[in-house]
Amino acid sequence: SKKVRSEQLSTYINQEVDLLKIDVEGCEDVIILELAKKDTLRLINSMIIEYHPYLCAKIKTLADFLDFLKQRQWNCVFSNLGENYLVYANKAQL
């Protein structure tokens, strides 16, 4: 095995982002939680996320994942991809 350096996505989000696509085979919950914690989720207008509930470490169900986003003013729809889900999220207009 080879070690690779990783960095937090929030480090690179310092201005408005029109669309963020996330497909990270089970770490999407960690990324979304980190973006929310660092208050950079607010800079993103839309997201397309391939959610893998059986691989995620922190948010284990689609319902909990959608609820987390909804509590932060995101409108979400999803489509089923077998064991995975494609989540389309847009910031709610206040």
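Look a little higher up for the structure.
Here the residue index of a chain counts from 1 through its sequence in written order. Since the coordinates come from a predicted model, pLDDT governs what is reported: local features require at least 70, and pairs of side-chain atoms require 80 or more to be given and counted, while whole-chain, interface and lining totals use all residues. With hydrogens and water excluded, all non-hydrogen atoms of the structure serve as input to the side-chain values.

Describing the pairing of strand E1 (residues 17-22)
This is how it is decided: At least two bridges found by DSSP between two strands are what make those strands a pair. Strands here mean DSSP runs of E at least two residues long; helices mean DSSP runs of H or I at least four residues long; both are numbered from the N terminus.
Note that E1 and strand E2 (residues 44-51) share five bridges and pair parallel. Among the inter-strand pairings, Ile22 is bridged to a residue of E2, identified as Ile49.

Points about the sheet that holds E1
The criterion, for reference: Angular values range over 0 to 180 degrees, each being the angle between N-to-C directions of two axes fitted as lines to C-alpha atoms, with helices fitted over their stretch in contact. Note on definitions: a residue-residue contact is assigned when non-hydrogen atoms from the two residues lie within 4.5 Å.
Taken together, the four strands give an open sheet; going across it, the order is E1-E2-E4-E3, and neighbouring strands pair in mixed fashion. Bordering the open sheet on either side are E1 and strand E3 (74-81), each of which pairs with just one other strand. In this sheet, neighbouring strand axes are inclined to one another by 10 degrees on average, regardless of whether the strands run parallel or antiparallel. Where helix H1 (residues 28-37) meets the sheet, its contacts fall on E1 and E2, and the angle it forms with E2 comes to roughly 160 degrees. Lying on the sheet, helix H2 (residues 62-71) is in contact with E2, E3 and strand E4 (84-91); it crosses E3 at an angle near 160 degrees.

A look at H2
Inclusion rule: Categorising residues by exposure relies on relative accessible area from a 1.4 Å probe, with only protein chains included: less than 20% of the type maximum marks a residue as buried, more than 50% marks it as exposed, and the intermediate range marks it as partly exposed. The reported arc concerns the directions from the helix axis to the C-beta atoms and nothing else.
Where H2 is concerned, the buried positions are Leu62, Phe65, Leu66, Phe68 and Leu69. The buried residues of H2 occupy one face: seen down the axis, they fall within an arc of 155 degrees. The exposed set on the far side of H2, more than 90 degrees from its buried face, consists of Ala63, Lys70 and Gln71. The elements touched by buried residues of H2 are H1, E2, E3 and E4. Downstream of H2 by a residue or two, Gln73 has a phi angle that is positive, lying close to 70 degrees.

Re the side chain of Ser10
Inspection of the secondary structure puts Ser10 in the segment before E1. Contacts of Ser10, omitting those with residues within four sequence positions, involve Glu34, Leu35, Lys38 and Thr40.

Some points on the nonpolar core
Grouped burial of nonpolar side chains is what soluble globular proteins tend to show. Note the following rule: Here, the term nonpolar core denotes a set of buried Ala, Val, Leu, Ile, Met, Phe, Trp, Tyr and Cys residues that are joined through side-chain atoms within 4.5 Å.
Ile32, Ile44, Met47, Ile49, Tyr51, Phe65 and Leu69 are the most contacted members of the largest nonpolar core, which has 23 residues in total. Among the secondary structure elements, those contributing two or more residues to this core are E1, H1, E2, H2 and E4. Among the elements that line this core, the one with the most residues is H2, at five residues. The residues touching Ile32, leaving out its near neighbours within four places in the chain, are Ile22, Leu41, Met47, Ile49, Phe65, Phe68 and Leu69.

Any functional reading would require information that these geometric values do not contain.
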